[in-house]
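Structural description and commentary
One letter stands for each residue in the lines below.
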Amino acid sequence: MLCFGKRFENSMASTKQYMTSSLTQSPTYSALLQMEQWQEKRKSILYRDGYKCRNCGKRNELQVHHRQYHINSRTGYKLHPWQYHNKYLITLCKYCHELGHKHFTIQTFHI
Ligand SMILES: [Zn+2]
Ligand SMILES: [Zn+2]
């Protein structure tokens, strides 16, 4: 019982922290990728791509890659990972994803 209470407390604390920090500074990118909104978006991209790497066809260690990054000109903030149109997202395996990031710079657009 004590354990559950503690866990609950911790999860509340992290939600609160996210909400407060989003007002002043954006949360870290890796924190955003833990968010439920991204998990849902990610799932829909994997489904669209047939759970295969779009580069080599591998079916495991799949990740979803952003082909472009967008900054909202009005707010000056980068879009959250799940706010992109599906056409800017692509399923890649871990290997192709890392390789892609090594060889290409992702273009950032002000929208
Ligand atoms: Zn691949
Ligand atoms: Zn990527």
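Everything below is about the structure shown above.
Sequence order as written defines residue numbering, which begins from 1 separately in each chain. Each chain takes a letter, starting from A, and each ligand takes a number, starting from 1, following the order in which they are written. Given that the model is predicted, a residue must reach a pLDDT of at least 70 before its local features are reported, and side-chain atom pairs must reach 80 or more before they are shown or counted; all residues, however, enter totals for whole chains, interfaces and linings.

**A short note on the overall build of the protein chain**
Summing up its helical and strand segments, the protein chain has four helices and four strands in all. Counting from the N terminus, the helices are the DSSP runs of H or I reaching at least four residues and the strands are the DSSP runs of E reaching at least two. Mapped in sequence order, the helices and strands of the protein chain form the string α-α-α-β-β-β-α-β. Burial analysis of the protein chain (111 residues in total) assigns 8% to the buried set. Put simply, 69% of the contacts in the protein chain that link residues at least 6 apart link residues at least 24 apart. Whether a residue is buried, exposed or partly exposed is read from the other C-beta atoms within 10 Å of its own C-beta, which are placed from the backbone; 20 or more gives buried, 12 or fewer gives exposed, and intermediate counts give partly exposed. Here contacts are defined at the residue level, using C-beta atoms placed from the backbone and a cut-off of 7 Å between them.

**Side note on the pairing of strand E3 (residues 89-93)**
Within E3, five of the five residues are buried, which leaves it mostly tucked inside the rest of the structure. Pairing between strands is defined by DSSP: at least two bridges between the two strands are required. As judged from the five bridges shared by strand E1 (residues 62-66) and E3, these two strands associate in the antiparallel manner. Residue Val-64 lies in a different strand from E3, and its bridge partner there is Thr-91.

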